[in-house]
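Fold and contact review
Below, each chain spelled out in residue letters.
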Amino acid sequence: QVQLVESGGGLVQAGGSLRLSCAASGRTFNSYDMGWFRQAPGKESEFVAAIRWSGVRLGYADSVKGRFAISRDNAKNTVYLQMNSLKPEDTAVYYCAAKRLHSGSYEDRSNYASWGQGTQVTVSS
């Protein structure tokens, strides 16, 4: 399995931007589709965005469409989440996750085999 480490979280004012990174170990990074999920205090985990192993974007949650963009660099074993026009409701711990190819819906967290430790994003109003 691939091991994942997120970075780039922090405190930002509403309307600001952050870019999250997720570095993967191992030589099989391009064998995985990648996703970002988030969990706010007292709330269920929520799908945010996903990208195919080839770099084709699979989809976004309605709540982030037009504001967030997922990308990946297979040469660097890294997936990114560019977050623009941030809102206080985007405050959460953000996790990246790796899903083996053809292993079910990219929106279902149970289909992801590996997870990072998470990075906190806090958006102040």
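Here the structure is shown first, and the text comes after it.
Keep in mind it's a predicted model, so treat the numbers as computed, not measured.

**Quick word on the overall build of the protein chain**
The helix and strand tally for the protein chain stands at zero helices and 11 strands. Mapped from its N terminus to its C terminus, the protein chain presents α and β elements in the order β-β-β-β-β-β-β-β-β-β-β. Here the C-alpha atoms of the protein chain give a radius of gyration of 13 Å, agreeing with the 14 Å that 2.2 N^0.38 yields for 125 residues. Counting only C-alpha atoms, the protein chain reaches 40 × 25 × 25 Å along its principal axes. Relative to its 125 residues, the protein chain shows a buried fraction of 43%.

**Re the state of the cysteines**
In this structure the tally under the stated criterion is one disulfide. What pairs with C22 in a disulfide is C96, and their sulfur atoms sit 1.9 Å apart. Taking the torsion about the sulfur-sulfur bond, which here is approximately 50°, the covalent link between C22 and C96 counts as right-handed. Of this pair, C22 sits in strand β3 (residues 18-24) while C96 sits in strand β9 (residues 92-100); the two residues are 74 residues apart in sequence, bridging distant segments of the chain. Assessed through its relative accessible area of 0%, C96 is described here as buried.

**Some words on the packing of aromatic side chains**
Summed over all chains, the structure comprises five aromatic pairs. Ring centres of F37 and Y112 lie 5.1 Å apart, and the angle between their planes is 80°; on these two criteria the pair is classed as edge-to-face. One end of the pair, F37, is in strand β4 (residues 32-39); the other, Y112, is in the loop between β9 and β10 (114-115), with 75 residues separating them in the sequence. One exposure class covers both F37 and Y112, and it is buried. Here the aromatic rings of F47 and Y106 are separated by 5.5 Å at their centres, their planes lie at 55°, and the arrangement is tilted. Within this pair, whereas F47 is found in strand β5 (residues 46-51), its partner Y106 is found in the loop between β9 and β10, the two being separated by 59 residues in sequence. Look at Y106 and you get partly exposed, because its relative accessible area is 24%. An aromatic cluster is defined as three or more aromatic residues linked by ring pairs; in this entry it consists of F37, F47, Y106, Y112 and W115.

**Considerations on unusual backbone geometry**
Located in the positive-phi region is S85, a residue other than glycine, with phi close to 50°. With respect to the helices and strands, S85 occurs in the loop between β8 (78-83) and β9. In this structure S85 comes out as partly exposed when scored by relative accessible area, which is 40%. The phi dihedral of H102 falls on the positive side, at around 60°, and the residue is not glycine.

**A few points about the nonpolar core**
Counting residues in hydrophobic clusters, the biggest one holds 35 residues, and the most contacted among them are M34, W36, L81, M83 and Y94. Apart from residues no more than four positions distant in its own chain, Y94 is found in contact with E6, L20, W36, F37, R38, V48, F68, L81, M83, G118, T119 and V121.

Rules and cut-offs
Residues numbered from 1 in each chain as written. Predicted model: local features only at pLDDT ≥ 70, side-chain atom pairs only at ≥ 80, totals over all residues. Heavy atoms only, no water. Helix = DSSP H or I, 4+ residues; strand = E, 2+ residues; numbered from the N terminus. Rg over C-alpha atoms; globule rule 2.2 N^0.38 Å. Buried < 20%, exposed > 50% of the residue type's maximum accessible area, 1.4 Å probe, protein only. Disulfide = S-S within 2.5 Å. Phe/Tyr/Trp six-rings, centres within 6.5 Å; stacked < 30°, edge-to-face > 60°. Core = buried A, V, L, I, M, F, W, Y, C linked by side-chain atoms within 4.5 Å. Contact = heavy atoms within 4.5 Å.

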